[in-house]
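# Topology and contacts: notes
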Amino acid sequence: MTSQVSPSASQASLAIGQRSLGDPSVRFPLWPPLTSGCPVTSTDSVSYPVEVDYAYDEVPAGLFTTAPGRPRGHERWAPLLPPLRAPGLGEGGTPLVPLGDGLWIKDESRNPTWSHKDRINRVTVSAAVGAGAQGIVVASSGNHGASAAAYAARAGLRCVVIGSAGRPPAVDAFLRAYGAVVLPVPEDARWPLLRRIVERFGYHPVSNVTPTHTGHAFGPEGYKTLAYEIYTELGVPAAVFLPTGYGELLFGVWKGFAELVTLGLADRVPRLYSCEPEAGGPLAAAVRDGVPATRVPVGETAAYAIDCAVGGYRGVVALRESGGHPLLVSDQRMAAARAELARAGLWAELSAAAGLAGYRQLGQAVVEGPVVCVSTSSGFKDRDLLDSAVAADVDPEDWAEVERRVGGG
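Described below are features of the structure shown in this document. Keep in mind the model is a prediction, meaning the values are calculated, not measured.

### Considering the overall build of the protein
When helices and strands are counted, the protein shows 11 helices and 13 strands. Relative to the 2.2 N^0.38 estimate, which gives 22 Å for 409 residues, the radius of gyration of the protein is 21 Å and therefore close to what a compact globule would have. Within the span of the protein, comprising 409 residues, buried residues form 56% of the whole. Summed over its atoms, the accessible surface of the protein is roughly 16,600 Å², and 53% of this surface lies on carbon and sulfur atoms. A distance of 6 Å separates the average location of the 35 positive side-chain charges in the protein from that of its 41 negative side-chain charges.

Following this line, the structure appears as structure tokens:
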């Protein structure tokens, strides 16, 4: 259906409620955000997420056309997002960089805190503001925590980040700069402590609190904007390859394209490919076993940002509804993809290169038409940043050594 509402219509949110992914007929009001999944359809073994529903027949005409003076970032897409009650930082609007042969890289390192997590935290911190919380709490040792701290600071909220040892140096610097309270604890203790802080202090949780992953009710809505941007620049690609941890990004991109179909602007959703480290891969295991979500042991991997032991139903939905597939990629393939991106002038975290690694692993001939690989974050976020070799000084008078280095000898 194509909306006939005037382009000058209000840019206010058209969100009207929440509904269960376990049973879409189970619906709830928009407020308060259900941060522990669906209380009706969830079981002791599976937590079903909820998603936000909208008045799609009221979407302003021309929302997806390019015009001078349009707001940048989330403000542009406000009708199809939950209410943006927290100020933004210019999130979104990241470039599509061509790599040749119909391949495009969506470079999310250009976001304010250098990762895709800014898209989700603008929305979840807005939920905290709307709920009247004095602060937020997040369990993260990486991009999510750094981004949440930035948006909390921007909104004037306190931020507690529960992490484990070995935070990347750049993430630690972000957290200190934004004044977040950092609580390093053993990994298994992170979520119980998060729940206790929510109960004791009334802080709003912006990361997962359930046995299988549900995450924040509003969160993946922020990721939809990535699909909107791809569509406005490229149309509907043949496929999108995404680094995948809990599957929220995967689901958000699927839902964004699915909404374009609902609005009559697109005739299909691209095939989505989840790219998980082969050391774990709970989404691949859930699809293989035909279950909504599962837990797997995680082996050694340097892709710390996506080395999840537990998955969630959102990822299963996105793959099923898009006709896509789960892929498992090795650290070696991710390192090769990261090097390929660097040769093209794009510096990515190892985990961020998983999408390109999956595409190269699958083989170009399998996918016909334009392909987008999402690169989720900057190489500054890798844990081994300070361990990188630094070039030794050279004597400018030692021409033989200068010649050897310049000549690649």
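### Observations regarding the layout of surface pockets
Rolled over the atoms, a probe as big as a water molecule pinpoints where empty space is left. What the largest pocket holds in volume is close to 1,100 Å³. If you go around the largest pocket, you meet 44 residues; those closest to its centre are Arg190, Trp191, Tyr246, Ala305 and Cys308. Elements that contribute at least two residues to the lining of the largest pocket include exactly α2 (143-155), α4 (190-201) and α6 (248-262). Counting residues per element, the lining of the largest pocket draws most heavily on α6, which supplies three residues. When the residues that make up the lining of the largest pocket are grouped by side-chain class, the tally is 18 nonpolar, 17 polar and nine charged. Residue-level mapping places the lining of the largest pocket at the junction of two domains, with at least three residues from each of domain 1 (96-102 + 218-381) and domain 2 (117-205). Roughly 240 Å³ of internal volume is contained in the second largest pocket.

### A closer look at the sheet that holds strand β13 (residues 371-375)
Within the open sheet, the six strands sit side by side as β4-β5-β13-β10-β11-β12. Their pairing is mixed. The sheet terminates laterally at β4 (96-100) and β12 (325-329), the two strands that pair on one side only. Sheet twist, expressed as the average angle between the axes of neighbouring strands with direction ignored, equals 25°.

### Structural notes on α6
Look at α6: 21 Å from first C-alpha to last across 15 residues, which is about the 21 Å you get at 1.5 Å a residue. The buried fraction of α6 is high, at 13 of 15 residues.

### A closer look at the side chain of Lys381
Looking at the element boundaries, Lys381 is found in the loop between β13 and α11 (399-406). Glu349 is the oppositely charged side chain nearest to the buried, salt-bridge-free Lys381, at an N-O distance of 6.0 Å. Ignoring anything within four residues of it in the chain, the contact list for Lys381 reads Thr113, Trp114, Ser115, Asn143, Pro168, Ala170, Val171, Phe174, Tyr304 and Glu349.

### Quick notes on the nonpolar core
Counting residues in each nonpolar core, the largest one holds 57 residues, and the members touching the most others are Phe64, Leu80, Leu242, Val253, Trp254, Phe257 and Leu272. Of all the elements in the fold, those that place two or more residues in this core are β3 (50-54), α1 (117-130), α5 (219-234), β10 (239-243), α6, α7 (282-289), α8 (313-322) and β13. Here the element with the most residues in this core is α6; it accounts for eight residues. For this core, the domains that each give at least three residues are domain 1 (96-102 + 218-381) and domain 2 (117-205). Leaving out residues up to four positions away in the same chain, Trp254 has contacts with Val269, Leu272, Val317, Ala318, Glu321 and Ser322. Grouped together as the second largest cluster of nonpolar side chains are 27 residues, Tyr273, Leu327, Ala352 and Leu356 included.

### Digging into the packing of α1 against α5
Two numbers describe how α1 lies on α5: the axes approach to 7 Å, and their chain directions differ by 135°. By the criterion of interaxial angle, the relationship of α1 to α5 is oblique. Considering how the two elements wind past one another, α1 and α5 form a crossing that is right-handed. Where α1 approaches α5, its residues Lys117, Arg119, Ile120, Val123 and Thr124 are matched on the opposing element by Gly219, Pro220, Gly222, Tyr223, Thr225, Leu226 and Glu229. Taken together, the residues of the contact of α1 with α5 break down into five nonpolar, four polar and three charged.

The rules behind the values
- Residues numbered from 1 in each chain as written.
- Predicted model: local features only at pLDDT ≥ 70, side-chain atom pairs only at ≥ 80, totals over all residues.
- Heavy atoms only, no water.
- Helix = DSSP H or I, 4+ residues; strand = E, 2+ residues; numbered from the N terminus.
- Rg over C-alpha atoms; globule rule 2.2 N^0.38 Å.
- Buried < 20%, exposed > 50% of the residue type's maximum accessible area, 1.4 Å probe, protein only.
- Areas by Shrake-Rupley, 256 points an atom, 1.4 Å probe, with all protein chains shown as cover.
- Lys, Arg positive; Asp, Glu negative; His and termini not counted.
- Charge placed at Lys NZ, Arg CZ, Asp CG, Glu CD.
- 1 Å grid on protein atoms, 1.4 Å probe; cavity = no way out; pocket = protein on both sides within 12 Å on 5 of 7 lines; lining within 4 Å.
- Points joined across faces, edges and corners; volume = space filled by probe spheres on them.
- Nonpolar A, V, L, I, M, F, W, Y, C, P; charged D, E, K, R; others polar.
- Domains from an automatic or database assignment.
- Pairing = 2+ DSSP bridges.
- Axes fitted to C-alpha atoms, helices over the stretch in contact; angles between N-to-C directions.
- Expected span 1.5 Å × (residues − 1).
- Salt bridge = Lys/Arg side-chain N within 4 Å of Asp/Glu carboxyl O.
- Contact = heavy atoms within 4.5 Å.
- Core = buried A, V, L, I, M, F, W, Y, C linked by side-chain atoms within 4.5 Å.
- Parallel < 35°, antiparallel > 145°, perpendicular 65-115°, else oblique.
- Left-handed = near helix turned anticlockwise from the far one by under 90°.

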